[in-house]
Amino acid sequence: MKTIREIQSPSVPNPVKHWRQWWQRQSPVRQDRFANLAPVAAVVLFMAAIASAFWYLRGEEIEREQEAVRRDVEYAQQRMRMRLLERQEQVMRMARDISNREIRKDQFVVRAEALVQQYPEYQSLSWVDERRQVISTHTVSNLLQNVPLRMGEALPLGDTETHYSLSRDLMQPIYGVIANDQGKDAPLPMLQLHTPLTNDRGQFSGVLMAEYPLESLLRYDIPTEILAKYAVSLVSAEGDTLAGQTIPARRHLWPAFPWPSPAANEFRVPVSPVGNGLLLRAQAWRTSTGLVGNAQFWMAVALSVMTAWMLIANWRHSRRRQQAQKALIAETNFRRAMENSMLTGMRALDLQGRITYVNAAFCEMTGWSERELVGATAPFPYWPEQDHEQLRRRLEDELKGLQSPGGFQVRVKRRDGALFDARMYVSPLIDATGKHTGWMTSMTDITEPNRIREQLASSHERFTIVLEALDASVSVAPLGSKELLFANKLYRQWFGQDTDGHLQLVEQAGAYSAADEVTEDVDALAGLPTEPLTVALTENAEVFVPALDKWLEVRSRYINWADGRLAQMVIATDITPRRKAEELAEQQAERAQTASRLITMGEMASSVAHELNQPLTAISNYCNGMISRIKNQQIKEEDLLWALDKTAHQAQRAGQVIQRIRSFVKRSEPNRTRSEVQSIVHESVELAEIELRRRHVRLSHYVAARLPQLVVDPILIEQVLINLMKNAAESIDNANRPADRRHVELRVVPRKVDDQDVVEFSVTDTGKGLPPETMNRLYEAFFSTKAEGMGIGLNLCRSIIESHAGRIEAQNLYNADEIIGCRFSFWIPVQNTALPEKTSEVSP
């Protein structure tokens, strides 16, 4: 059973108790943080309450003023609407009388004048026909700024003409605003009413145009009490003021306040029946004193500022005190952490040479504790016994201030007796008052740097020995200077101690040298690679040095020298034995090619003899015939000339055969020139046909039109073609093909191989082909499928084609499983580069 007290006092959560428990659970740092924020929170809440009260009261006042403005403006708009509709009815009645021809041109002015006297808002009434010509008009002469329309004139272009067209198209009254530019002599803004006129057939016959000055609409249509209470004006849809007066925008002293600015206390409403193009705007004159002139406002502001200032001053004082305390603790911790984390040993001596301070790094280096070192005097425990005298003299120099700015190197003994090298720097120790109280010494262990320095020196010595023993010349010189940074033994033997040899090798090899003379308009670094020089590819060249009588292979590249300068390294290797071997190989290849041509002509000797026998027999027959007929005096002069002409033609034919053979077998230096493919094919076909005719083999050839020129040796290419065509004829002859299958075809066409333009030559025969087991050995030297063959023809053909950067291949032609022939083809690339240049020489 619960007691009455327990029933009347139920367990209710106590928020104060919970708040106190939560506060006690917080750390002291967080409690200090909350205590610092309390004054700021109080100031913010107090200022927010004051600002909210003022904002609410000011908002209520502005809302009442806006409601009054809205009510009065709508009343004025209704008043103006009724007046405009009334005048529109009068104008439409007059337009109807004009359409019914009840008003003539001479009566129009009288009716218009009566209407203007009844409604003084009118400026003018104009009768305009369907051609936009003014038939008659009546204008009030009290507004001198506006130029009246004259009878017989056309309507001016612009807005008036636009309103006229719209009334004609819609066949109903149209209101339009003529907003002229503002200026001293500019016409006043006008409101036009265009009422359409019709003829007897109901067609458009013009308009009756009434014009109202906007200022007159405000003066006659707006109630006087509203004009006195507000600044009333007529504005366009874009917000431009057309008539009336406006209140200039006032500078708002407190733009950050939440309530609207005074300029917002206005109301706009469209003028009916004009439409949205004309708006009636009313701006309320300022009648209240506002907050600035309110004494209660300023009193509340003063009290609020004083309260906030007191709270903020107290808060700032507490913060400065806490910040100073935290800064002192942080500085102390930082200095202690810095001393313990330094790798440099620090030692302080007083003026008598006694140790007054050592850091943890110094104790770790020496192995002695701070308690054992502080207070010690010379000789110190970390001094080696054998260096006591030297270190004592140095300590005396330190105490006298004779220390060296670059420090000095000493040996230090650890507690276990081990020695290490150290460098010490000494500087005066000045206290906060500027008094010299002792000397501060920093100590760094340089045992490892000394070991590395010794290893580098040994490595440099070994590297120098290797470079000196090289069988290549090595030199390094900076760009733009004649200083020789490095030269090995062979370079000094060849070129001496200066950079002349280095620069000559660079110049002859075509590499860049900043020492080259440049013109005033050319950058001295023109020609350098676009990528970083130190990662550019090595440049190679072969040069001949007459003074040394040696061929050198020159390799150069850019490097960063030890001092950061950009330098050029040149390595020159003696390649004289290799060049001599290459020249000997070229001579042997040339002799082999000449021998091959002689062998080819030897194999074709019987065919050549048969080819020459025909013109020589014809010459003999023509000569014997002419001698016989001359002796018998039976020949005429015309027959004699004909016979002599035939004899000369046969002699010329024989001479051409001999000349081609002589040119083919003549030994000459390799000469690569830009040659026409058509000419090469023609010469080779003329020679090959001699052998093919002897073997009764037909030859057909096709050369594609507009082939590019090839940079080749034409004699060598002709040799390849003749060998291939002769081999084709022999294959057909050995296969004993019938007459209709004794055929060789030569085709020359352009192709693309590996994305490069080439010209392909192919020779196709109808022989028995090549045995499959010999396809891989066709181009071996001294290998032949013919019993009497020497095995050098196809080997030379492949060497010639590959020397021209081309390729040769062979393949059998099949009809089902039967071999019906063979095709040899080779291609030569179309070279767009310049012709090969002679090897350059360099002199020392």
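Overview of the structure.

Here is what the cut-offs are and how they apply
Every residue gets a number counted from 1 within its own chain, in the order that chain's sequence is written. Under the rules for a predicted model, residues below a pLDDT of 70 receive no local features and side-chain atom pairs below 80 are neither given nor counted, while totals for whole chains, interfaces and linings still include all residues. To get the side-chain values, take all heavy atoms of the structure and skip hydrogens and water. Geometry of aromatic contacts follows a simple scheme: Phe, Tyr and Trp rings, the Trp one being its six-membered ring, pair when their centres are within 6.5 Å, and the pair is stacked under 30 degrees between planes, edge-to-face over 60, tilted otherwise. Buried, partly exposed and exposed residues are distinguished by accessible area as a fraction of the type maximum, computed with a 1.4 Å probe on protein chains only: under 20%, between the cut-offs, and over 50%, respectively. Note: two strands are recorded as paired if DSSP finds a minimum of 2 bridges between them. Working definition: helices are DSSP H or I runs of at least four residues, strands are E runs of at least two. Numbering for both runs from the N terminus. Helix axes are fitted to C-alpha atoms over the stretch in contact, other axes to C-alpha atoms as well, and angles between N-to-C directions run from 0 to 180 degrees. Definitions for this section: a left-handed crossing has its near helix turned counterclockwise from the far helix by less than a right angle. A right-handed crossing has that turn clockwise. Here, residues are in contact when the closest pair of their heavy atoms is within 4.5 Å. Classes in brief: Ala, Val, Leu, Ile, Met, Phe, Trp, Tyr, Cys and Pro nonpolar; Asp, Glu, Lys and Arg charged; the others, Gly included, polar. A patch is a set of surface residues, each over 30% in relative accessible area and not in a salt bridge, joined within 9 Å for like charges and within 5 Å for the nonpolar side chains Val, Leu, Ile, Met, Phe, Trp and Tyr. The Shrake-Rupley method, run with a 1.4 Å probe, gives the accessible areas here. Residue values count only the displayed protein chains as cover. The rule for a salt bridge is simple: a side-chain nitrogen of Lys or Arg has to be within 4 Å of a carboxyl oxygen of Asp or Glu.

Focus on the packing of aromatic side chains
- The tally for this structure, following the rule as stated, stands at eleven aromatic pairs.
- Centre to centre, the rings of F380 and Y382 are 5.6 Å apart; their planes meet at 15°, and the pair counts as stacked. Each member of the pair, F380 as well as Y382, carries the same accessibility label: buried.
- The rings of F362, F380, Y382 and W383 are connected pair by pair, giving a single aromatic cluster.

Considering the pairing of strand β19 (residues 566-574)
- Of the strand pairs in this sheet, strand β15 (residues 472-478) and β19 are connected by seven bridges, and their pairing is antiparallel. Within the sheet, the bridge partner assigned to S473 lies in β19 and is A572.
- Here strand β18 (residues 550-560) folds back onto β19 in antiparallel fashion, the turn holding five residues, of which G564 has a positive phi close to 90°.

A few points about the packing of helix α18 (residues 677-694) against helix α19 (residues 714-734)
- Contact pair α18 / α19: the axes reach a minimum separation of 9 Å and the direction vectors enclose 30°. For the element pair α18 and α19, the recorded crossing hand is right-handed. On α19, the residues touching I680, E683, S684, V685, L687, A688, E691 and L692 of α18 are P714, I717, E718, L721, I722, M725, K726 and A729.
- A breakdown of the residues in the contact of α18 with α19 according to their chemical character gives eleven nonpolar, one polar and four charged.

Focus on a nonpolar patch on the surface
- Side chains of W55, Y56 and L57 sit close together on the surface and give an oily, nonpolar patch of about 370 Å² of accessible area.
- Turning to its location among the elements, W55 is positioned in helix α3 (residues 28-99).

As for unusual backbone geometry
- With omega at 10°, the peptide bond leading from S272 into P273 counts as cis.
- Within the secondary structure layout, P273 lies in the loop between β8 (266-271) and β9 (275-284).
- Between A378 and P379 the backbone carries a cis peptide bond, its omega angle lying at 0°.
- Looking at the secondary structure, you find P379 in the loop between α10 (370-373) and α11 (388-399).
- Here D754, not a glycine, exhibits a phi torsion of approximately 55°, which is positive.

As for the sheet that holds strand β21 (residues 698-703)
- What the five strands build is an open sheet, ordered β21-β23-β24-β26-β25; its pairing is mixed. Strand pairing shows two members of the sheet lacking a second neighbour, β21 and β25 (807-815), which therefore form its edges. Strand after strand, the sheet turns through a mean of 20° between neighbouring axes, direction not considered.
- Where strand β24 (residues 756-765) and strand β26 (residues 818-829) come together, eight bridges link them in antiparallel fashion. Opposite V759, over in β26, you have I828 as the bridge partner.
- Strands β21, β23 (743-753) and β24 of the sheet are contacted by α18, whose axis makes an angle of about 175° with β21.
- Contacts from α19 reach β21, β23, β24 and β26, with the element oriented near 30° to β24.

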